[in-house]
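Residue strings, one per chain:
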Amino acid sequence: FELAMYCKLLIPGLLYTTQNNLQYIASSNLEPAVFQIMYQVKMLTTALLSVTMLGKRLRPSQWGAVGACMGGLVLVQLSQLGTSMP
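The shown structure was predicted, so the numbers you read here are calculated from the model rather than taken from an experiment.

**Things to note about the side chain of S50**
Here is step 1: By the secondary structure assignment, S50 is in helix α2 (residues 32–52).
Here is step 2: Setting aside residues no more than four positions away along its own chain, S50 makes contact with G55 and K56.

What follows is the structure in structure tokens.
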């Protein structure tokens, strides 16, 4: 039993729990389209922060995957926008 190891796991665990609780609150208070956009933007911000703050280098294929996901999200939202117009 190493206390230091448990302390290293405590912070990410608490952050994950907080994120899940906030996600539940957001899903109850936001429209589904807005919630989906905010949920998917998390991937883009994670990629950007890992590059800027952690100094991680992403391969072009990884950037392409992030871009493809964001592009798909934009297309879905645009198609939903078109169907909701009177």
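**Digging into α2**
Here is step 1: Taking 1.5 Å as the rise per residue, α2 with 21 residues should run 30 Å; its terminal C-alpha atoms sit 30 Å apart, in good agreement.
Here is step 2: Looking only at α2, the buried set comprises F35, A47 and S50.

**Examining helix α1 (residues 3–29)**
Here is step 1: For α1, with 27 residues, the first-to-last C-alpha span of 39 Å sits near the 39 Å given by 1.5 Å per residue.
Here is step 2: At L10, α1 shows its strongest bend, of approximately 25 degrees, with the proline P12 following within four residues.

**As for the packing of α1 against α2**
Here is step 1: As a packed pair, α1 and α2 sit with axes 10 Å apart at the nearest point and diverge in direction by 155 degrees. As far as their axial angle goes, α2 and α1 are roughly antiparallel. The way α1 lies across α2 gives a crossing that is right-handed. Contacts from Q19, Q23, A26 and S27 in α1 reach F35, Y39 and K42 in α2.

**Brief notes about the packing of aromatic side chains**
Here is step 1: One pass over the full model with this rule turns up one aromatic pair.
Here is step 2: Considering the side-chain rings of F35 and Y39, the 6.0 Å spacing of their centres and the 25 degrees angle between planes classify their relative orientation as stacked. In this pair, F35 and Y39 both sit in helix α2, four residues apart, roughly one turn of the helix.

**Things to note about the environment of P60**
Here is step 1: Position of P60 relative to the elements: it lies in helix α3 (residues 60–84).
Here is step 2: Through-space distance from the C-alpha of P60 to that of K8 is 32 Å; in sequence the pair is 52 residues apart.

**Observations regarding the layout of surface pockets**
Here is step 1: The volume enclosed by the largest pocket comes to roughly 170 Å³.
Here is step 2: In terms of lining residues, the largest pocket is bounded by Q19, Q23, A26, L30, F35, M38, Y39, V41 and K42.
Here is step 3: Sorting the residues of the lining of the largest pocket by element identifies α1 and α2 as the ones contributing at least two each.
Here is step 4: Top contributing element to the lining of the largest pocket by residue count: α2, with five residues.

Thresholds applied
Residues numbered from 1 in each chain as written. Predicted model: local features only at pLDDT ≥ 70, side-chain atom pairs only at ≥ 80, totals over all residues. Heavy atoms only, no water. Helix = DSSP H or I, 4+ residues; strand = E, 2+ residues; numbered from the N terminus. Contact = heavy atoms within 4.5 Å. Expected span 1.5 Å × (residues − 1). Buried < 20%, exposed > 50% of the residue type's maximum accessible area, 1.4 Å probe, protein only. Bend = angle between axes of the 7 residues up to and from the residue. Axes fitted to C-alpha atoms, helices over the stretch in contact; angles between N-to-C directions. Parallel < 35°, antiparallel > 145°, perpendicular 65-115°, else oblique. Left-handed = near helix turned anticlockwise from the far one by under 90°. Phe/Tyr/Trp six-rings, centres within 6.5 Å; stacked < 30°, edge-to-face > 60°. 1 Å grid on protein atoms, 1.4 Å probe; cavity = no way out; pocket = protein on both sides within 12 Å on 5 of 7 lines; lining within 4 Å. Points joined across faces, edges and corners; volume = space filled by probe spheres on them.

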